[in-house]
Amino acid sequence: MAEAADSLPPAEVLLSKRVQEMVINQEEPPHLYICRKSGEAAGEDQEEGDVSSDPLSQIPLIDLSILSSSSSPSSEHDGELQKLRLALSSWGCFLATGHGIPSSFLDEIVRVSREFFEQPMEEKRKYEKGVEEFEGYGADPVPAKGQPLDWSDRLFLDVYPEDRRKLKFWPENPSFRDVLQEYTVKMRMMTEAVSKGMAKSLDLQEDCFLNQFGGKAPLQARFNYYSRCSRPDLVLGLKPHADGSGYTIILQDVEGLQVLKGDKWFTVPTMSGALLVLMADQMEIMTNGVFKSPVHRVLSSSERDRISVAVFYTPEDNKEIGPEEDLISEERPKAYKTVKDYAKVHWDYYQQGLRAIHLGKV
């Protein structure tokens, strides 16, 4: 058995191949992609069905236009702020509407993303990264030994500030570049609105989180392509984890993303024009644990492929962040320390299948 295991291809070899290639070649998922026990998915689905039939178990919906409008009635404005606080302290995420980005433009983002992944492999390889590198086209760097691989391909790009962009990894298709540049501008506007809304929901000065992030807080875009999988009962598109950014804004074309609440998984629905805003570890630290950074994952599917675009909003490099002073009291003592460059530490733990949030605790 040991000899047979030794003869199996290592992660470095598997990650040099694209999941799309394996699907086109009708290959079964290799051993390192298998992360679930047979029958586990069926049991979870049964539990999830019982829970999601409860209307109170649905992922909250927040209208950002109410939060940012000076003309909204005060009762409506205050009510939406209360909904936001409750959403982020219980779920750690919400579906955002009223963000000012037209549905037609979000459809365009999905379209250019799909166009990129549907190109011939030799065309996509122009933007390929090494198996140990992060930015570019391919898969995440090789994880720690024993950690499963994700059934997905991705294009990861630094998009803001502009001096961080490595244009050699940006697809040369003019429509892709134009759309991504415009989306970056819209994401900067949305992160400002969300950050101010979160601060006001906690009765804080509205710029406090923006000040912690910094005026040149990086935005990184991850375009994900989840190929069909012949064994969705054994393989995940993306393994369970919490993000190490401040928070993440996610666009998806079909369902597949799930969020863990309590001990049960909930599927994030697709809704035309809505974007998921998902708290990450650094936002949990800044709010002294009031807002939660939820564990989430992506299921694989034998019936359809899936596109998603995640934009990560992270504090500036070398910038210290910590709990807002007004969120520390006798009733809620300081739970987190001041940290710097947390995302880098988070990544080291992520590669081992672990969370890093405990490192920020007092």
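A quick note: this is a predicted structure, and the numbers were derived from the prediction, not measured.

(A) Fine view of the overall build of the protein chain. A count of helices and strands for the protein chain gives 12 helices and 14 strands. Its C-alpha atoms give the protein chain principal-axis dimensions of roughly 65 × 45 × 40 Å. The buried share of the protein chain, taken over its 362 residues, is 52%. Pairs at least 24 residues apart make up 75% of the contacts formed inside the protein chain by residues separated by at least 6 positions.

(B) Spotlight on the nonpolar core. Among the nonpolar cores identified, the biggest contains 68 residues, and Tyr183, Met190, Met198 and Tyr247 are the most heavily contacted of them. When residues in this core are grouped by element, the largest group, nine residues, is from helix α9 (residues 174–201). What Tyr183 contacts, discounting residues up to four positions off in sequence, is Ile101, Phe105, Leu106, Ile109, Leu251, Leu275, Val309 and Val311. Counting 19 residues, the second largest nonpolar core, distinct from the first, contains Leu95, Leu276, Ala310 and Phe312.

(C) Representation of the environment of Cys35 in the model. Along the chain, Cys35 turns up in the loop between α3 (19–24) and α4 (40–52). Relative accessible area serves as the criterion here: at 30%, Cys35 is assigned to the partly exposed category. Residues Cys35 and Lys344, spaced 309 residues apart in sequence, show a C-alpha to C-alpha distance of 25 Å. Apart from residues no more than four positions distant in its own chain, Cys35 is found in contact with Pro148, Leu234 and Leu236.

(D) Region of interest: the confidence of the model for the protein chain. Considering every residue of the protein chain, the mean pLDDT works out to 92; 92% of them sit at 70 or more. Every residue in residues 1–6 scores below 50 in pLDDT, and together they form zero contacts with partners more than four places removed in sequence or on other chains. In this model, residues 46–56 is a region of pLDDT below 50 whose contacts with residues beyond four sequence positions or in other chains number 10 contacts.

(E) Region of the structure containing the sheet that holds strand β10 (residues 275–279). One open sheet holds the eight strands; their spatial order is β1-β2-β10-β7-β12-β5-β4-β3, and the pairing between them is mixed. The open sheet is flanked by β1 (61–63) and β3 (136–138), the only strands paired with a single partner. Mean inter-strand twist for the sheet, computed between neighbouring axes without regard to direction, equals 25°. Bridge count between strand β7 (residues 247–252) and strand β12 (residues 306–313): six bridges; the pairing is antiparallel.

(F) Structural context of the sheet that holds strand β9 (residues 264–267). Strand order in the open sheet formed by four strands is β6-β11-β8-β9, and the pairing between neighbours is antiparallel. Looking along the sheet, the strands with just one partner apiece sit at the ends: β6 (236–241) and β9. Strand-to-strand twist across the sheet, computed as the mean angle between neighbouring axes with direction ignored, equals 30°. Sheet topology note: the strand β8 (residues 257–261)/strand β11 (residues 296–299) ladder contains three bridges and is antiparallel. Within the sheet, the bridge partner assigned to Leu257 lies in β11 and is Val298.

(G) Up close: a positive patch on the surface. The grouping of Arg85, Lys292, Arg332 and Lys361 at the surface amounts to a positive patch. Looking at the element boundaries, Lys361 is found in the segment after α12 (342–350).

(H) Region of the structure containing the side chain of Ser300. Note that Ser300 resides in the loop between β11 and β12. With relative accessibility at 12%, the residue Ser300 sits in the buried group. Residues in contact with Ser300, not counting those within four places in the same chain, are Cys229, Arg231, Pro232, Val235, Leu236 and Gly237.

(I) Structural context of α12. Every buried residue of α12 is accounted for by Tyr342, His346 and Tyr350. Burial along α12 is one-sided: seen end-on, the buried residues are contained in an arc of 75°. Those residues of α12 hidden inside the fold are in contact with β6, α11 (281–286) and β14 (339–340).

(J) Seen up close, the environment of Ile66. If you trace the backbone, Ile66 turns up in helix α5 (residues 64–68). Put simply, Ile66 and Glu80 are 14 residues apart on the chain and 7.1 Å apart in space, counted from C-alpha to C-alpha. Not counting residues up to four positions away in its chain, the partners in contact with Ile66 are Ser72, Glu76, His77 and Glu80.

(K) Representation of the packing of aromatic side chains within the structure. Using the criterion set out here, one finds 17 aromatic pairs in the structure. Judged by centre distance (6.1 Å) and plane angle (55°), the ring pair of Phe116 and Tyr127 falls under tilted. With Phe116 in helix α7 (residues 103–117) and Tyr127 in the loop between α8 (121–124) and β3, this residue pair connects regions lying 11 residues apart in the sequence. Its relative accessible area of 3% is what places Phe116 among the buried residues. Its relative accessible area of 4% is what places Tyr127 among the buried residues. An angle of 20° between the planes, with centres 5.5 Å apart, marks the rings of Phe117 and Tyr225 as stacked. Of this pair, Phe117 sits in helix α7 while Tyr225 sits in strand β5 (residues 219–226), placing them 108 residues apart in sequence. In this structure an aromatic cluster arises from ring pairing among Phe116, Phe117, Tyr127, Tyr137, Phe176, Phe223 and Tyr225. Here the basic side chain of Arg154 rests over the ring of Phe134, its NZ or CZ set 5.1 Å away from the ring centre.

Quick notes on the rules
- Residues numbered from 1 in each chain as written.
- Predicted model: local features only at pLDDT ≥ 70, side-chain atom pairs only at ≥ 80, totals over all residues.
- Heavy atoms only, no water.
- Helix = DSSP H or I, 4+ residues; strand = E, 2+ residues; numbered from the N terminus.
- Buried < 20%, exposed > 50% of the residue type's maximum accessible area, 1.4 Å probe, protein only.
- Contact = heavy atoms within 4.5 Å.
- Core = buried A, V, L, I, M, F, W, Y, C linked by side-chain atoms within 4.5 Å.
- pLDDT = per-residue confidence, 0-100.
- Pairing = 2+ DSSP bridges.
- Axes fitted to C-alpha atoms, helices over the stretch in contact; angles between N-to-C directions.
- Patch = residues over 30% accessible without salt bridge, like charges linked within 9 Å, V, L, I, M, F, W, Y side chains within 5 Å.
- Areas by Shrake-Rupley, 256 points an atom, 1.4 Å probe, with all protein chains shown as cover.
- Salt bridge = Lys/Arg side-chain N within 4 Å of Asp/Glu carboxyl O.
- Lys, Arg positive; Asp, Glu negative; His and termini not counted.
- Charge placed at Lys NZ, Arg CZ, Asp CG, Glu CD.
- Arc of directions from axis to C-beta.
- Phe/Tyr/Trp six-rings, centres within 6.5 Å; stacked < 30°, edge-to-face > 60°.
- Lys NZ or Arg CZ within 6 Å of the ring centre and 35° of its normal.

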